[in-house]
Every structure is written in C-alpha cells, then in structure tokens.
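Structure assessment
Next come the chains, spelled out residue by residue.
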Amino acid sequence: MRVSVTVNDIAQEHDVEPRLLLVQYLREVLGLTGTVVGCDTTSCGACTVLLDGESVKSCTVLAVQADGGRVTTIEGLGSEGHLHPVQEAFREHHALQCGYCTAGMVMAVVSLLAENPDLDERAVREGLEGNLCRCTGYHNIVRAALSLSGTGDRG
Amino acid sequence: MIPASFDYLRAGSVEEAVTALAGHGEDAKVLAGGHSLLPLMKLRLATPSLLVDVARLHELSYIRTGGGQLAIGALTRHGELQRSGVVRQHAPILSQAASLVGDPQVRHRGTIGGSVSHGDPASDLPAALLALGATFVVQGSAGTREISADDFFLGFLETDLHPDEMLTEIRVPAQGSAGWSFQKFTRRAQDWAIVGCAVVRGDTDRVALVNMGPTVLRARAVEDALAAGASSGDAARLAPEGTSPPSDLGAAADYRAHLARVLVGRALDEASAARSTR
C-alpha cells in the first residue's frame, strides 16, 4: 500500500506492506536509526516518536496508520551544534547513562511539555511512566524535564 | 516481532466497515487505535486476514451531553476522556479510569470503543462503564442495536458483538451527585491492574471488579449487602463472592480475593465521602 508521511519536515512516499510497523519504516526504509526498538511490546518507550505532535510508541503503530501524518523523530529535533532545548537539558543534567532509552525519553518529554508546560515533579514522573530506563537513571531525567517546566523553552 | 500478513482496508464510513466485516466473518478485525490488537498480532496470538481501519471516521470521535446522559463516540481516545471537562463534570469516574490506562503514549492512541470491544477483564474502562450502567450502541448489517454493559461481556476477550458489528457509541447516565471511586492496584507503573474496582454510589450502589474473572464483573454480593443495609466494611468482605480470579505471574487467586476485599472497602469509603461532601 502507498503511504505518504512527512517525516522531520520531509515528505516521504513509499509502497509498504500493511504489516510494516512505523518503527521499521523509520529505521529500515528511511534509515533513521536514532529511534530504537527496546521491548517491542509497547512497554519500554524506547521507540517513542511524535505522530501529529503527540508521543506514540512506534513499535505499536503500523506505517499505514501514519499515512498522511506528520512524524518527528530524534533526528528531527535539533542538529549538531544546535540542540533542541530538551536535548540541551538532558546534556546539562546528564540525564542518561547507557543512552539506549534517551531518544524515546527526549521525545516523551517534548510531548509532555507541549501538553503541559508547567510540570511539577509528580507530573513529570507520571508523564514519563511509559518510558523505562534500565540503568534506573530517572533522577536526572526528571531534573532535566523539570528544568524546562514553566520556562516556555521547549523549542 | 512482525504480525502475520493481512489485507488492509481503510473504511470511509461505518457502513463500509460493516460491509467489509460482513464479507469476511471472524477473519476480519476492526482496527482503531490498535493498542490492544496490534500487540496480540505481533505475538501472533491474533492472525486476522483483514484489518478494517476505522480510525479516520472522525465522526465517531465526540463527547456530547443531553437528556441526563453522556454520549461518547467509540473513537474517543483515552487521553481525551482523561482531559475532557465535560467528562470530568458528568462522569468523573470515567475520566479517572482513563487516566490510569497504560501510559501517555498508549492514551494518545487507544480508544474507548477499542477497549470495550476487546473485552479484556484486566481493562479499566469496561469496569468503570459497568459501574456507571453504560449502554453500548453497535452497528451491523442488520442495523443498529443497544446492549447494556451488564449483557455485553461474555467471556475472556469475548463480547456480544457479532462478527459483522462494530461499536459506535457509549452512553452513560450522568453521575449527578453520586459518589464514586476507582481503585487500581498494580505492581509497576503502566501495568494492567492486578485487581481494580469501580464504585458508583447514587440511588443504588454499583460495584464492578477488574481482573477477578474471565470478564469485568459486578460484585453482586457487595451490592446486595449494601442494599440490605450492611456497612461498607461488612459489604466489602463479600467482594470475592461469585468471582473466579486467575492465578498468574501477577498474583495468586487468593491474593486477588484479598485485594478485592481491600480495594472495594477503600472504594466504598471514598465514594461515600465524595457523596457526603457534595
């Protein structure tokens, strides 16, 4: 089936099998490997991207469901030397250890701040419950998100 | 994990979806948010030959009030239920239950109609709808019919929906001044409930349980005891009566029975307090 998706502001069009998952489309068809697969069971959130501005787990969305939509991946947020404010906050607060969950965490924080720019710690922790960090480095991730709360600085 | 191959049809109307379903029988499945169905398909526990994608039927995404009830389109997403001021005002238990489903990403995609149609006894929204006394409107080849939530859930992942029918609307009576509580016990964030319960205390008391049998179910013994004048504490002790909780990795059946007693007790007290402070 033919799908047209705007990914990181670039229009894409491909023939895909209906069973192709969005994460496979991003990684294997478009070569955008910044989005990783973690659990592959809708739990860990490592594959989180934005679909029409909202965080989704791309291992649980079919590429055909994103047809006509707008997808943002970690590659679409900032650029080398010009990080997105959420990426900058993660760097500043050392909000990563092994880094595997980081792309998904960053995308989840972007979506969370877009929905609620004024977050307290509880709201951040609950808002990130769909993203697991197996290094258990949550403390600095929460700090990074809180540093942007109320600043309006979310790109 | 990759689902088995299937054909994909994007329905342009409810009628088109129903016609496709009628033509394929039980081999076809309705796809809305996909957050119950796609995980099953990835594990190959479900291998439908046709997916009928109804997610673009935006006319099925709405929340309306009128005539003392709330009408919710089947494609309304959990996040919308959670944040809707209308739902918070007229059916706050539904808003609360929606806020406890999965995690933000799941709530961005999952729909109330999908959750109800899936018929998972561990789901939160069906129990809240049972406690509210909801009615489900379904459309099929033979037309439209209404099914009471009490008659809808027949077995594990089994509902009264015929293969050629899809759920289009959920109707719930406005809670008014009824007290309410939704309790969910999980071991980890974002999990399904080990046990949950939904209580609405209005003119009558309705108590529904999550994950205490093959379907969400009413705690009839508790309701009957309350109707006969029992205290909350005495009634709550009857919560496991008539249930058949599973033993699995999450908990043993007798622990689930214990949880049901504790959670129903808490919910009855919280609902009473909510009612008396109005």
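What this report covers is the structure whose coordinates are included nearby. (Residues numbered from 1 in each chain as written. Chains lettered and ligands numbered in written order. Predicted model: local features only at pLDDT ≥ 70, side-chain atom pairs only at ≥ 80, totals over all residues.)

Here the focus is the overall build of chain B. When helices and strands are tallied, chain B shows twelve helices and 14 strands. With respect to the three principal axes, the spread of C-alpha positions in chain B is 55 × 45 × 35 Å. A burial count over chain B gives 53% of its 278 residues as buried. For chain B, the proportion of contacts with a sequence separation of at least 24, taken over those separated by at least 6, is 63%. (Helix = DSSP H or I, 4+ residues; strand = E, 2+ residues; numbered from the N terminus. Buried ≥ 20, exposed ≤ 12 C-beta atoms within 10 Å, placed from the backbone. Contact = placed C-beta atoms within 7 Å.)

Regarding its fold elements, chain A presents five helices and five strands. Ordered by position from N to C terminus, the α and β elements of chain A give β-β-α-β-β-β-α-α-α-α. Compactness check: chain A gives a C-alpha radius of gyration of 15 Å against a globular reference of 15 Å for 155 residues, within 12% of the reference. Summarising its shape, the C-alpha atoms of chain A cover approximately 45 × 30 × 25 Å along the three principal directions. (Rg over C-alpha atoms; globule rule 2.2 N^0.38 Å.)

Moving on: helix α3 (residues 102–115) of chain A. Between its first and last C-alpha atoms α3 of chain A spans 20 Å; for 14 residues at 1.5 Å apiece the expected length is 20 Å, and the two agree. Taking burial as the measure, the 14 residues of α3 of chain A include twelve buried ones, the bulk of the element. Those residues of α3 of chain A that are buried are in contact with β3 (48–51), β4 (54–57), α2 (85–92), α4 (121–127) and α5 (138–148) of chain A together with α6 (104–109) of chain B. (Expected span 1.5 Å × (residues − 1).)

Residues and elements named next belong to chain B. Pairing is antiparallel in the open sheet, where five strands are placed in the order β4-β5-β10-β6-β7. Each of the sheet's edge strands pairs with one partner strand only, and the pair in question is β4 (63–66) and β7 (143–148). The average angle at which neighbouring strand axes cross in this sheet is 25°, direction not considered. Summarising the sheet, β4 and strand β5 (residues 69–73) pair through four bridges and their orientation is antiparallel. Residue pairing across strands places arginine 64 opposite alanine 71, the latter belonging to β5. Packed on one face of the sheet, helix α1 (residues 14–24) meets β6 (135–140) and β10 (165–173) and runs near 125° to β10. (Pairing = 2+ DSSP bridges. Axes fitted to C-alpha atoms, helices over the stretch in contact; angles between N-to-C directions.)

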